[in-house]
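# An overview of the molecular structure
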Amino acid sequence: MLMRTFLDKMRDLKLEEVAARSQTLPESELRARLADLPPRAPFAPALQRGPGQRISLITEVKARAPGRENVASLDLGAVLRDYEAGGAQAVSVLTDGHYFGGALETLEQAAQETALPLLHKEFIVHPYQLLEGRVRGASAALILAYYFSASELQEIVAQAEAWGLDAVVECSLEEELPRTLEANPRILMINNRPIASLPENPKQTYHLGSVEVTPTWWKQFPELRAWKSQPSVTLVSASCIGAAADLQLLESIPCDAALIGNSVMSAPNRVQFLQALRNGAPTTRAS
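Residues numbered from 1 in each chain as written. Predicted model: local features only at pLDDT ≥ 70, side-chain atom pairs only at ≥ 80, totals over all residues. Heavy atoms only, no water.

### Thoughts on the sheet that holds strand S8 (residues 187-191)
A barrel is described by the order of its strands in space; here eight strands give the closed sequence S1-S4-S5-S6-S7-S8-S9-S10, paired in parallel fashion. Taking each pair of neighbouring strands and ignoring which way they run, the sheet shows an average axis angle of 25 degrees. Strands in contact with helix H4 (residues 76-85) are strand S1 (56-61) and strand S4 (90-94); relative to S1, the strand with the most contacts, it is inclined by about 170 degrees. (Pairing = 2+ DSSP bridges. Helix = DSSP H or I, 4+ residues; strand = E, 2+ residues; numbered from the N terminus. Axes fitted to C-alpha atoms, helices over the stretch in contact; angles between N-to-C directions. Contact = heavy atoms within 4.5 Å.)

### Considerations on the nonpolar core
One finds Phe6, Phe43, Tyr83, Phe123, Leu130, Ile143 and Leu224 to be the most contacted residues of the largest nonpolar core, which totals 94 residues. Dropping the residues within four chain positions of it, Phe43 is found in contact with Ile58, Ala90, Pro117, Leu118, Leu119, Ser139, Ala140, Asp166, Val168 and Ile187. (Core = buried A, V, L, I, M, F, W, Y, C linked by side-chain atoms within 4.5 Å. Buried < 20%, exposed > 50% of the residue type's maximum accessible area, 1.4 Å probe, protein only.)

### Concerning the state of the cysteines
Applying the stated criterion across every chain yields a total of zero disulfides. Cys255 supplies the cysteine sulfur nearest to Cys171, a cysteine that is in no disulfide, at a spacing of 13 Å. Cys171 sits in the buried class, given a relative accessible area of 0%. Assessed through its relative accessible area of 0%, Cys255 is described here as buried. (Disulfide = S-S within 2.5 Å.)

### Observations regarding the pairing of S4
Counted residue by residue, S4 has five buried out of five residues, so it is predominantly covered. Covered by surrounding structure in S4 are Ala90, Ser92 and Leu94 together with Val91 and Val93, the residues of both alternating faces. Here S1 runs beside S4; their pairing, made up of four bridges, is parallel. Bridging across to S4, Val61 finds its partner in Val93. Note that S4 and strand S5 (residues 118-121) share four bridges and pair parallel. Bridge assignment links Val91 to a residue of S5, and that residue is Leu118.

### Topic: the confidence of the model for the chain
With 91% of its residues at a pLDDT of 70 or more, the chain has an overall mean of 90. Within the model, pLDDT remains below 50 along residues 282-287, and this stretch shows 22 contacts once partners closer than five positions in the same chain are excluded. (pLDDT = per-residue confidence, 0-100.)

### Some thoughts on the packing of aromatic side chains
What the rule picks out here adds up to six aromatic pairs. Consider the rings of Phe6 and Phe123, whose centres lie 6.0 Å apart with planes at 85 degrees: the pair is edge-to-face. Note that Phe6 is positioned in helix H1 (residues 6-24) and Phe123 in the loop between S5 and helix H6 (127-135), a separation of 117 residues in sequence. Across the pair, exposure class does not vary: Phe6 and Phe123 are buried alike. Ring geometry for Trp217 and Phe221: centres 6.1 Å apart, planes at 90 degrees, overall edge-to-face. Its relative accessible area of 13% is what places Phe221 among the buried residues. One aromatic cluster is present, formed by Phe6, Tyr99, Phe100 and Phe123 through successive ring pairs. (Phe/Tyr/Trp six-rings, centres within 6.5 Å; stacked < 30°, edge-to-face > 60°.)

### Considering the pairing of strand S6 (residues 140-144)
The element S6 is largely enclosed, with a buried count of five among its five residues. On S6, burial covers both faces: Ala140, Leu142 and Leu144 on one face and Ala141 and Ile143 on the other are all buried. In this structure, S5 lies alongside S6, joined through two bridges in parallel fashion. Looking across to S6, one finds that His120 is bridged to Ala141. In this region the chain leaves S5, passes through H6 and returns to the parallel neighbour S6; the handedness of that crossover is right-handed. For S6 and strand S7 (residues 166-171), the ladder comprises five bridges, and the chain directions are parallel. The partner of Ala140 across the bridge, within S7, is Asp166. Assessed by its sense of winding, the connection that carries the chain from S6 through helix H7 (residues 150-162) to S7 is right-handed. (Right-handed = clockwise from strand over helix to strand, strands pointing away.)

### Concerning the packing of H1 against H6
If you want to describe how two helices pack, look at the angle between their axes and the distance between the axes. Between H1 and H6, the shortest axis-to-axis distance is 10 Å and the interhelical angle comes to 65 degrees. Relative to H6, the element H1 is oriented roughly perpendicular. Relative to H6, H1 is oriented so that their crossing is left-handed. Across the interface between the two elements, Lys14, Val18, Arg21 and Ser22 of H1 pack against Tyr128, Gln129 and Glu132 of H6. Among the residues making up the contact of H1 with H6, the classes are represented as two nonpolar, two polar and three charged. (Parallel < 35°, antiparallel > 145°, perpendicular 65-115°, else oblique. Left-handed = near helix turned anticlockwise from the far one by under 90°. Nonpolar A, V, L, I, M, F, W, Y, C, P; charged D, E, K, R; others polar.)

### Some details on the pattern of salt bridges
On inspection of all chains with the given rule, the structure shows 15 salt bridges. With a closest N to O distance of 2.7 Å, Lys14 and Asp96 form a salt bridge. Residue Lys14 is located in helix H1, and its partner Asp96 is located in the loop between S4 and helix H5 (104-113); the two are separated by 82 residues in the primary sequence. The exposure classification of Lys14 matches that of Asp96, with both residues buried. Between Glu60 and Lys62 there is a salt bridge, with the nearest N and O atoms lying 3.4 Å from each other. According to the relative accessible area criterion, Glu60 is buried, its value standing at 0%. Three or more residues joined by partner-sharing salt bridges are found here, namely Lys14, Glu17, Arg21, Asp96, Glu122 and Glu132. (Salt bridge = Lys/Arg side-chain N within 4 Å of Asp/Glu carboxyl O.)

Structure below.
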């Protein structure tokens with residue numbers, strides 16, 4: 001019998017949430033709201049790194065993670081102002097409430113308080129969740145390769161784009177990469193934390209990982225390098241990034257953006273932390 005993973009557990013939980021919320025707010029009503037939505041800042045163009053440019057920063061709103069509290073109380077406005085002042089190009093908003101202290105309302109509020117492009121970071125297992133994020137102001141949606149075959153990935157990416165969202169397809173295990181590249185996403189995120197192999201209750205193991213995963217994959221997989229040779233595709237590295245040396249390592253390959261969550265959320269001074277990352281000053285490596 002195969003071991004159930006954390007992502008299996010989250011799939012079950014999210015299907016239950018979708019079933020419950022769609023009873024109150026049908027998908028047809030969410031679709032009807034699309035026509036009246038104001039445009040959001042596009043996600044992918046804000047991240048792409050040209051010759052000689054520094055890597056872009058995606059900072060994350062994440063109150064907590066399994067086994068870790070980043071903030072005792074979330075002051076969203078203050079966090080977003082810090083991110084803007086620190087030079088972030090985009091913001092990821094984690095909306096899961098069970099393990100990460102998020103909410104769809106947080107995404108909606110963020111859209112009202114910042115003009116930066118917003119990534120709806122959620123365990124998306126159903127198109128209904130794409131609509132939920134879009135109507136609340138998201139510019140992009142995170143799609144975990146773990147949940148989909150190559151053809152299913154193509155379908156949900158196309159659906160996201162049809163509804164005005166950039167689809168960010170995430171891999172955290174090497175075996176997920178072939179079907180992800182087969183789907184040929186415009187934005188590929190490599191999660192340096194092997195979230196797809198975590199046990200169902202991951203408190204003791206959630207923060208394992210290394211920023212070296214992304215450059216290792218880059219060197220190891222010619223198909224990844226072939227994908228990146230296409231025009232207008234974006235490579236993002238996520239998790240285990242908390243020191244200037246981490247950014248320098250990612251900048252040694254054609255990585256466009258780094259997603260930084262726990263380390264910046266828990267920093268005593270987020271603006272100084274982000275500036276130190278940029279300027280190469282010593283910072284504390286965090287998971």
